[in-house]
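# Examination of the molecular architecture
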Amino acid sequence: MPKEFLEAGKIVGTHGIKGELRVEPWCDTPDFLKHFRTLYAKEGAEALEVISSRVHKNLFLVKLQGIDTIEQGDQMRGKVLYIKRSDVTLPQGRYFISDLLGMKVFHADDPSIFYGVITDVIKTGANDVYQITDEEKKDYLIPVIDQVIIETDIVGRRLLIRPMKGIFEDEN
């Protein structure tokens, strides 16, 4: 079952003297977070109303209701902010990394061939790369391209791939 609240970033400091917070975003871009009117703390247990937000360099700057001084902002340092899954609509073919991690990976043409689980998603610029760790703890890297990734089943927690030659030792 996918998590209702997803980690969005970590408060790393304040900006100015009126309680604006500097957030290190844990998403593709800081722009993604600008569209939220509510963020959450304590794994979703505490709703935080967004008064204003903007992007500054590679950080997300946010002003939250009730945080009006630099001292109040400093007390927020180190806290993780969350977004609510139902507040987001991802484009087709885009997934939250937290939904991919731990997903089992099988061969698309022979689902009895189990390669391992996704243990990391690496951003390369051109395309993402999934790190697959097998049962012997050996890591393999597969590119996230249409020729390799055949089906991503978030609900069933299965990824079907058609690996390129040379990725796994048993490939010709």
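Up top you'll find the structure we're talking about.
Small disclaimer: the values here were computed from a predicted structure and weren't measured. (Residues numbered from 1 in each chain as written. Predicted model: local features only at pLDDT ≥ 70, side-chain atom pairs only at ≥ 80, totals over all residues. Heavy atoms only, no water.)

On to the pattern of salt bridges. This structure, assessed with the given rule, holds 9 salt bridges. Across the pair R85 and D99 runs a salt bridge, and its minimum N-O distance is 2.8 Å. Taken together, the residues R85 in the loop between strand 6 (80-84) and helix 2 (97-100) and D99 in helix 2 connect sequence positions 14 residues apart. (Salt bridge = Lys/Arg side-chain N within 4 Å of Asp/Glu carboxyl O. Helix = DSSP H or I, 4+ residues; strand = E, 2+ residues; numbered from the N terminus.)

What follows deals with the sheet that holds strand 10 (residues 139-143). Taken in spatial order, the 6 strands of this open sheet run 10-9-8-7-12-11, and their pairing is mixed. With one partner strand each, in any of the chains shown, strand 10 and strand 11 (149-153) form the two edges of the open sheet. Going from strand to strand, the sheet's axes swing by 35° on average, the running direction of each strand aside. Bridge analysis of strand 9 (residues 128-133) against strand 10 gives 5 bridges, and the strand direction is antiparallel. (Pairing = 2+ DSSP bridges. Axes fitted to C-alpha atoms, helices over the stretch in contact; angles between N-to-C directions.)

Among the nonpolar cores identified, the biggest contains 20 residues, and L21, L39, V62, L64, M76 and I83 are the most heavily contacted of them. For this core, the secondary structure elements donating two or more residues are strand 1 (5-15), strand 2 (20-25), strand 3 (38-41), strand 4 (46-56), strand 5 (59-64) and strand 6. With sequence-adjacent residues up to four places away left out, L21 is seen in contact with I11, G13, T14, F60, L61, V62, L64, I67, G73 and M76. Judged by nonpolar contacts, the second largest core, of 17 residues, contains V105, I149, I154 and F168. (Core = buried A, V, L, I, M, F, W, Y, C linked by side-chain atoms within 4.5 Å. Buried < 20%, exposed > 50% of the residue type's maximum accessible area, 1.4 Å probe, protein only. Contact = heavy atoms within 4.5 Å.)

Quick look at the packing of aromatic side chains now. Taken as a whole and assessed by the stated rule, the structure comprises 5 aromatic pairs. On the numbers, 5.5 Å between centres and 65° between planes, the contact of F32 with F36 is edge-to-face. Judged by relative accessible area, F32 falls into the partly exposed class, the value being 25%. Plain terms: the ring middles of Y140 and F168 are 4.6 Å apart, the flat faces sit at 45° to each other, and that makes the pair tilted. Within this pair, whereas Y140 is found in strand 10, its partner F168 is found in the segment after strand 12 (158-161), the two being separated by 28 residues in sequence. Of the residues examined, F168 reaches a relative accessible area of 5% and is grouped as buried. Taken together, the ring pairs in this structure connect Y115, Y140 and F168 into an aromatic cluster. R158 extends its terminal NZ or CZ atom over the ring of F106, reaching a point 4.5 Å from the ring centre. (Phe/Tyr/Trp six-rings, centres within 6.5 Å; stacked < 30°, edge-to-face > 60°. Lys NZ or Arg CZ within 6 Å of the ring centre and 35° of its normal.)

With that settled, consider the pairing of strand 8 (residues 114-123). Direction of pairing for strand 7 (residues 104-107) relative to strand 8: antiparallel, over a ladder of 3 bridges. Bridge assignment links F106 to a residue of strand 8, and that residue is F114. Hairpin geometry of strand 7 and strand 8 is characterised by an intervening segment of 6 residues between the two adjacent antiparallel strands. Bridge count for strand 8 against strand 9 is 6 bridges, and the pairing is antiparallel. Counted as the bridge partner of K123 is D128 from strand 9. Connecting strand 8 to the antiparallel partner strand 9 that follows it, the hairpin turn spans 4 residues, and G125 within it adopts a positive phi of roughly 105°.

This paragraph deals with the pairing of strand 5. Every regular strand shows the same layout, with side chains that alternate between the two sheet faces. Burial analysis of strand 5 places 6 of its 6 residues in the buried class, which makes it a mostly covered element. Burial of the side chains of strand 5 extends over both faces: L59, L61 and K63 are buried on one face and F60, V62 and L64 on the other. Where strand 2 meets strand 5, 3 bridges bridge the pair, whose relative direction is antiparallel. In the strand pairing of strand 5, V23 is matched with F60. In terms of strand pairing, strand 4 meets strand 5 through 6 bridges, oriented antiparallel. Looking at the pairing, V50 lines up with L64 of strand 5. Following strand 4, the chain reverses through 2 residues before pairing antiparallel with strand 5; K57 in that reversal takes a positive phi of roughly 55°.

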